[in-house]
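Here's the letter readout for the chains.
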Amino acid sequence: MTKFSAAVFKLVLMMIAGLLAACGSAPVARQPLAIEQARAADRDARKALGEGELQFAQQQFARALALQRSLDDTAAAATSMINLATVTHRLHDDAEALTWLDGILLEQEGIYPQQAKLAAAFRKAVILTDLARLAEADSALQSAEKLCAGQCALSAGIGALRARLLLLNGDAEGALILAQRVSKQEKSDKAERANAVRIVAAAEEKLARPAPALQHYLEALEMDKALGLGVRIGEDLNGMARVSAQLGMDREATEYARRAVLANGSQSGQLP
Amino acid sequence: MTLFDDKDARFRNLFGKAAVFVLFAVVGIGAVFVWSGVKKGAFTATSPIYFVADSGQDLNEGMPVKFSGFKIGKLNTLALDEQGHVQVEVGIETKYLKLIRQDAVMSLKKEGVIGDGILEISRGAEGKPVLAAGDKVRFERASGLEQAVVDVKNRILPLLDDIHQTLQDPDGDVRQTLKNLRELSAGMRVTQQRLDSVLKKADANLDHDVEPMLRSLKKSAANAESLTGRLDYQLPELLKKADTSMEALRAATQTINDAVQHTAPQLPAMIDETRDTLGKSRKLIGDTQQTLDTLNSHWPLKRDVQPETGPVRMDSHD
């Protein structure tokens, strides 16, 4: 046997030995059936949500919740309730979504973790803002701010929502300052930064400053395109069309408006 | 390029050794082919048996022929003759022909409720001659689930129509009986009111109004006589009609019972088989999931990504 053959032989032996060693890793220990079922339901629900199968996701989250409650896993149950609220909100049943969140927020015995209460308060504020129930949204957001104390993972979202509420309540200056602060937080969530930039643009528009508003709408559009958020791309384009018209850029305004119509139409399933 | 030293003693007669190795491989492959042929019945002597079917529906070339649950042959050919009938040839292993008589019947059945179709040949009468190659046998289609459902439907629908008609017909027995009963009830109520009135008057005016009381009693007696006359006239008729209605209902019940009895023997087998199939499917899914879980837990298929556990994403603008 030549040296070359011997080297190849040794190499193959080493590879086989390495593969055998890797395959010898200990298998994941099996959990009791109910725990496995709860995890499977949660996993299926998340997968369905990712694929846009909202009804199935709702069913599976409800199944996971029932199993988690039977296992006295209150933390996981709270997460499932928040997830159910989120899915229900996406199904446009906001009353039901708020009921799920209130199930956590109004629980007097303190069985749910603070993190779950924070997430529930924040999401309730978002839903109420969408429903234009601004006073109630403000109250829920205050609860979230109190629980977060500026140091939680949701702080950027809370800041962006506070800016949005200020703008909706007519305080464009306050909204501008707060949204600018959120948009400059490099470490915060990209979608929240895009939201903040959009609020900056809207505040500038409200303050009758169309040129910087257009710049910020463009920036928000780029960010939303990178994130692939269709509905918000439509909002950005609509804002760009409005401020372009204010700037006398009629041709651009028409183009942006047309693109917004196409983007929004695609979201609602209207093709072509 | 020479990799091996020809002078090495181990490589002497290398061609011969390689030839022996190749020969063994060829012999092995040949043996596998022969074994497969034996298993598939390629070397088994078969005899052709014929039958005529009304249509070729559910008959396929290659479908098995079974006898007492064992496969003894298969359907060879299907052909349409000049009369539009289907001429079918099946090949039956010659060694089994002695078990079958000439009056045997070839039945087309389903293996279970939703299984594949099979041909099953019966044994035939003991006194008849043994079936020979080239003989013809009688063919029939066994009634399957669909036929049973159609039979039940055909029996139950007319019954429901009859019951509906009996109940809805204003001149029918049931309506007439109810009408008569209603009239009788009204008559009885009037009588009761009158008797009450009489008793009240008798009670209040026992000392002063004996005569009116007697008149009232006379009238009441007349009413009672009239009522008795009506009852004498109507009751036999009512009883007769009620009896007729009961007989009609009894006949309907018997027909439904017959239909259910006709279907009932098949139901436990169907349910057992469906339950068995569901159990097997569930076990298969469970096994597959377990296999996937096991594979996922091993390198290189192991996924290092931990499953997501927190709330699903929702931002301030959702």
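What counts as what
- Residues numbered from 1 in each chain as written.
- Chains lettered and ligands numbered in written order.
- Predicted model: local features only at pLDDT ≥ 70, side-chain atom pairs only at ≥ 80, totals over all residues.
- Heavy atoms only, no water.
- Salt bridge = Lys/Arg side-chain N within 4 Å of Asp/Glu carboxyl O.
- Buried < 20%, exposed > 50% of the residue type's maximum accessible area, 1.4 Å probe, protein only.
- Helix = DSSP H or I, 4+ residues; strand = E, 2+ residues; numbered from the N terminus.
- Pairing = 2+ DSSP bridges.
- Axes fitted to C-alpha atoms, helices over the stretch in contact; angles between N-to-C directions.
- Contact = heavy atoms within 4.5 Å.
- pLDDT = per-residue confidence, 0-100.
- Core = buried A, V, L, I, M, F, W, Y, C linked by side-chain atoms within 4.5 Å.
- Lys, Arg positive; Asp, Glu negative; His and termini not counted.
- Polar contact = N/O pair within 3.5 Å; in protein donor to acceptor, adjacent residues only side chain to side chain.
- Phe/Tyr/Trp six-rings, centres within 6.5 Å; stacked < 30°, edge-to-face > 60°.

### Describing the pattern of salt bridges
Residue and element names in this part refer to chain A.
And then number 1: Under the defined criterion, the tally for this structure stands at 21 salt bridges over all chains.
And then number 2: For arginine 209, the salt bridge is made with glutamate 204, and the minimal N-O distance between the two is 2.7 Å.
And then number 3: Classification of arginine 209 by relative accessible area gives partly exposed; the value is 33%.
And then number 4: Measuring nitrogen to oxygen at the nearest pair gives 3.1 Å for the salt bridge that ties arginine 259 to glutamate 255. With arginine 259 and glutamate 255 both in helix α13 (residues 250-267) and four residues apart, this pair spans about one turn of that helix.

### Thoughts on the sheet that holds strand β6 (residues 117-121) of chain B
Residues and elements named next belong to chain B.
And then number 1: A sheet is described by the order of its strands in space; here seven strands give the open sequence β1-β4-β3-β2-β6-β5-β7, paired in mixed fashion. Looking along the sheet, the strands with just one partner apiece sit at the ends: β1 (46-53) and β7 (138-141). Neighbour-to-neighbour, the strand axes of this sheet turn through a mean angle of 30°, independent of strand direction.

### A look at the environment of A:Ala253
Residue and element names in this part refer to chain A.
And then number 1: Note on placement: alanine 253 falls in helix α13.
And then number 2: The exposure class of alanine 253 is buried, given its relative accessible area of 9%.
And then number 3: Discounting chain neighbours no more than four positions away, the residues touching alanine 253 are Ala241, Ser244 and Ala245.

### Here's the deal with the confidence of the model for chain B
And then number 1: Averaged over chain B, the pLDDT score is 77; the fraction of residues at 70 or greater is 65%.
And then number 2: Across the interfaces of the predicted complex, the ipTM metric reaches 0.77, alongside a pTM of 0.48.

### Points about the nonpolar core
Residues and elements named next belong to chain A.
And then number 1: In this structure, Leu49, Phe61, Ile104 and Ile158 are the most contacted members of the largest nonpolar core, which totals 40 residues.
And then number 2: Elements represented by at least two residues in this core include exactly α2 (33-50), α3 (54-70), α4 (74-90), α5 (94-105), α6 (114-130), α7 (134-148) and α8 (155-168).
And then number 3: At 10 residues, α6 tops the list of elements feeding residues into this core.
And then number 4: When neighbours within four sequence positions are excluded, isoleucine 158 is seen to be in contact with Leu118, Phe122, Leu141, Ala144, Glu145, Cys148 and Cys152.

### Considerations on the side chain of A:Glu192
And then number 1: Along the chain, A:Glu192 falls in helix α10 (residues 190-206).
And then number 2: As a buried residue without a salt bridge, A:Glu192 has its nearest oppositely charged side chain in B:Arg313, at a separation of 5.6 Å.
And then number 3: Among the polar contacts made by the side chain of A:Glu192, one reaches the side chain of A:Asn195 at a distance of 3.2 Å.
And then number 4: Residues in contact with A:Glu192, not counting those within four places in the same chain, are A:Phe122, A:Ala156, A:Gly157, A:Ala160, A:Val182, B:Asp315 and B:Ser316.

### Description of the pairing of β6(B)
Residues and elements named next belong to chain B.
And then number 1: Where strand β2 (residues 64-67) and β6 come together, two bridges link them in parallel fashion. Each bridged residue has a counterpart across the sheet, and for valine 65 the counterpart in β6 is leucine 119.
And then number 2: With five bridges joining them, strand β5 (residues 105-110) and β6 adopt antiparallel strand pairing. Bridge pairing in β6 places lysine 110 opposite glycine 117.

### Considerations on the side chain of A:Ser244
And then number 1: One can find A:Ser244 in helix α12 (residues 230-246).
And then number 2: Among all residues touching A:Ser244, those that are not within four sequence positions of it are A:Leu214, A:Met249, A:Glu252, A:Ala253 and A:Tyr256.

### So, the packing of aromatic side chains
Residue and element names in this part refer to chain B.
And then number 1: Going through the model one piece at a time under the given rule, you end up with one aromatic pair over all chains.
And then number 2: Here phenylalanine 51 and phenylalanine 139 contribute two aromatic rings whose centre-to-centre distance is 4.8 Å and whose plane-to-plane angle is 10°, an arrangement assigned as stacked. In this pair, phenylalanine 51 sits in strand β1 while phenylalanine 139 sits in strand β7, placing the two residues 88 residues apart along the sequence.
And then number 3: With a relative accessible area of 0%, phenylalanine 51 lands in the buried category.

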